[in-house]
Amino acid sequence: MNIVPYNYLEEEFKNTKNIFNEWKKLIKSTDYTLGKYIKKIENKLCSYLGINYCIAVNNGTDGLILGLKSLDIKKNDEVILPTNTFYATAGSVVAVGAKPVFADVTEDYQIEVNDVLKKINKNTKVIIPVYWGGGSPKIDILKKKIKKLNQKIYIIEDACMGLGGGYKNKRPGTFGDIGVFSFHPLKTVNAIGDGGALVTNNYKIYKWCLKYRNHGMINRDKIDFWGVNLRMQPLQSVVILEGLKKLDENIKKRNKNAKLLDSLLTNLEPYVKLPKRSKHELNTFCLYMVLVKKRKRLIDYLKKKGVEVKIHYPIPLHLQKAAKTKNKLLNLPNAEFQAKNLLTLPIHQYLTNKEIIYMANCIKNFYFKDA
């Protein structure tokens, strides 16, 4: 048994009374396809984010695909995204027939604006900044730079890890043309499975996505165009609505835990390097990532001590087998260095101060004995 567990899902659902009670109401209502439960979650998210329109979908990946399709992104179009994100960001681009173009990242693991600008060409149609780990990319700076170009480029925010966070008094997903969220079990709100949402302030995008999500239907007997089924399941919307009640409290606790761990690890350079923490952002800490020396040996040591850790991720997207050969020739030094040295430590809301201090002491002891 882990003394400091990374996985907290069992703890999260110790009390399921409210969820089961609401499920019973849902089952009796026979409101199984879209309906009032889905509308309720869409309204809640609009209110929480301060945005006009929300469409609940079956997962974050399809939310990205839906967003790209609503902008008519297709073959020969290019979409710029960071190379250190989860596979879904690039996979969604490929799914609509477009080309993913990989950009390097900054010290705080977010997309590098200057590298993005170098890669913009006549085929560039979209940029997808990612709230990697729960931190915030510099979307305000990116938007200003793009505005100076004589070219229409959309911004789709991959805010799948960003729900509950903030950047310069705005919520993730509300800066660009479209924002996408995920309710995967290890995101800030858990659907007990998959779930997602697309948000926008653009009515035209909203109306198109609303139809495409549901087979292109206008009503039961007519369709405007050929769409697909991207609908969120009402059973999962119940779980999400319950999770939203605790979201701000959980983010507050994660930030408190991260502040404590930062203070305990801050003097361990060059063995452990923390990213710079921006005063302009509220990090959701889906991932608490640091750069470490002797990573493999440290992981083995922590495992013996009962501290569960992860790597997100050891191979950047441009070096994956799925990437085209020429992408492997890209020079993305920051992302490649991070992939070789990055370690993700548990920081979730169920950790105690005692567990965090124990974890930090294990890391200190490893380097002290190993120095």
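Residues numbered from 1 in each chain as written. Predicted model: local features only at pLDDT ≥ 70, side-chain atom pairs only at ≥ 80, totals over all residues. Heavy atoms only, no water.

**Focus: the environment of Phe-13**
Reasoning step 1: Positionally, Phe-13 belongs in the loop between helix H1 (9-12) and helix H2 (17-29).
Reasoning step 2: With 177 residues separating them in the primary sequence, Phe-13 and Asn-190 have C-alpha atoms 9.9 Å apart.
Reasoning step 3: Dropping the residues within four chain positions of it, Phe-13 is found in contact with Ile-19, Asn-190, Ile-192 and Val-239. (Helix = DSSP H or I, 4+ residues; strand = E, 2+ residues; numbered from the N terminus. Contact = heavy atoms within 4.5 Å.)

**Focus: the nonpolar core**
Reasoning step 1: Among the nonpolar cores identified, the biggest contains 39 residues, and Leu-68, Ile-73, Val-79, Val-126, Ile-128 and Ile-156 are the most heavily contacted of them.
Reasoning step 2: Of all the secondary-structure elements, those providing two or more residues to this core are strand E1 (53-57), helix H4 (60-70), strand E2 (78-82), helix H5 (87-95), strand E7 (178-182), helix H8 (203-212) and strand E13 (288-292).
Reasoning step 3: Leu-68 has contacts with Ile-73, Val-79, Ser-92, Val-93, Val-96, Val-126 and Ile-156, leaving out every residue within four places of it along the chain.
Reasoning step 4: Ranked by size, the runner-up nonpolar core spans 28 residues in total, among them Leu-274, Phe-285, Leu-345 and Met-359. (Core = buried A, V, L, I, M, F, W, Y, C linked by side-chain atoms within 4.5 Å. Buried < 20%, exposed > 50% of the residue type's maximum accessible area, 1.4 Å probe, protein only.)

**Concerning H5**
Reasoning step 1: Here H5 has its buried residues at Ala-88, Thr-89, Ala-90, Ser-92 and Val-93.
Reasoning step 2: Directly beyond the C-terminal end of H5, a positive phi value near 90 degrees is found at Gly-97.

**A short note on a nonpolar patch on the surface**
Reasoning step 1: Together, Ile-27, Tyr-32 and Leu-235 line one region of the surface with nonpolar side chains, adding up to about 290 Å² of accessible area.
Reasoning step 2: As for its placement among the helices and strands, Leu-235 is situated in helix H9 (residues 234-265). (Patch = residues over 30% accessible without salt bridge, like charges linked within 9 Å, V, L, I, M, F, W, Y side chains within 5 Å. Areas by Shrake-Rupley, 256 points an atom, 1.4 Å probe, with all protein chains shown as cover. Salt bridge = Lys/Arg side-chain N within 4 Å of Asp/Glu carboxyl O.)

**As for the state of the cysteines**
Reasoning step 1: As enumerated under the stated definition, the model contains zero disulfides in all.
Reasoning step 2: Free of any disulfide, Cys-209 has its nearest cysteine sulfur in Cys-54, 11 Å distant. (Disulfide = S-S within 2.5 Å.)

**Focus on the pairing of strand E4 (residues 124-127)**
Reasoning step 1: Relative to E4, E2 is paired through three bridges, and the arrangement is parallel. Looking across to E4, one finds that Glu-78 is bridged to Thr-124.
Reasoning step 2: Bridging between E4 and strand E5 (residues 154-158) involves two bridges; their strand directions are parallel. By the bridge assignment for E5, Val-126 is matched with Tyr-154.
Reasoning step 3: For the crossover from E4 across helix H7 (residues 139-147) to E5, the handedness is right-handed. (Pairing = 2+ DSSP bridges. Right-handed = clockwise from strand over helix to strand, strands pointing away.)

**Describing the sheet that holds E4**
Reasoning step 1: If you walk across this open sheet you meet the seven strands as E1-E8-E7-E5-E4-E2-E3, and the pairing is mixed. Taken across any chain shown, the strands that pair with only one partner, and hence form the sheet edges, are E1 and strand E3 (99-103). Direction aside, neighbouring strands of the sheet carry axes that sit 25 degrees apart on average.
Reasoning step 2: Across three bridges, E5 lies against E7 in parallel orientation. Along E7, the bridge assignment pairs Ile-156 with Ile-178.
Reasoning step 3: Against the sheet, H5 contacts E2, E3 and E5, and its axis sits at roughly 150 degrees relative to E3.
Reasoning step 4: Strand contacts of H8: E1, E7 and strand E8 (196-200), with the helix running at about 25 degrees to E1, the strand carrying the most contacts. (Axes fitted to C-alpha atoms, helices over the stretch in contact; angles between N-to-C directions.)

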